[in-house]
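Analysis of the macromolecular model
Each chain is listed here by its residues.
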Amino acid sequence: MSAVSLHFCYHNFCRIHTSLGTTPAVAAGILNEEWDIDMIIDLIEIDENSKSRKRGPYKKRGEIDFT
């Protein structure tokens, strides 16, 4: 799943399409300038660092009565 997301991110934000003359994200008005692959790598590194936080203890909830 991550490989597909990475491919779509590169395809829409980095790759300049000949029919558009720019990236689809710039053509749609989502971005002001094209990204390079380094920007995507930076986003991946930021995401990995944010996941490294330790989670708090698990708190049990009350039991569910199915009767």
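Residues numbered from 1 in each chain as written. Predicted model: local features only at pLDDT ≥ 70, side-chain atom pairs only at ≥ 80, totals over all residues. Heavy atoms only, no water.

A cluster of nonpolar side chains, contributed by Y10, I37 and I41, occupies part of the molecular surface with about 260 Å² of accessible area. Positionally, Y10 belongs in helix α1 (residues 2-13). According to the relative accessible area criterion, Y10 is partly exposed, its value standing at 38%. (Patch = residues over 30% accessible without salt bridge, like charges linked within 9 Å, V, L, I, M, F, W, Y side chains within 5 Å. Areas by Shrake-Rupley, 256 points an atom, 1.4 Å probe, with all protein chains shown as cover. Salt bridge = Lys/Arg side-chain N within 4 Å of Asp/Glu carboxyl O. Helix = DSSP H or I, 4+ residues; strand = E, 2+ residues; numbered from the N terminus. Buried < 20%, exposed > 50% of the residue type's maximum accessible area, 1.4 Å probe, protein only.)

With that settled, consider the state of the cysteines. The tally for this structure, following the rule as stated, stands at 0 disulfides. No disulfide involves C9; its nearest neighbouring cysteine sulfur is the one of C14, lying 6.2 Å away. Relative accessible area serves as the criterion here: at 11%, C14 is assigned to the buried category. (Disulfide = S-S within 2.5 Å.)

This part takes up a negative patch on the surface. Judged by side-chain charge, E33, E34, D36, D38, D42, E45 and E48 come together as a negatively charged surface patch. Here E34 lies in the loop between α2 (24-27) and α3 (37-50). (Lys, Arg positive; Asp, Glu negative; His and termini not counted. Charge placed at Lys NZ, Arg CZ, Asp CG, Glu CD.)

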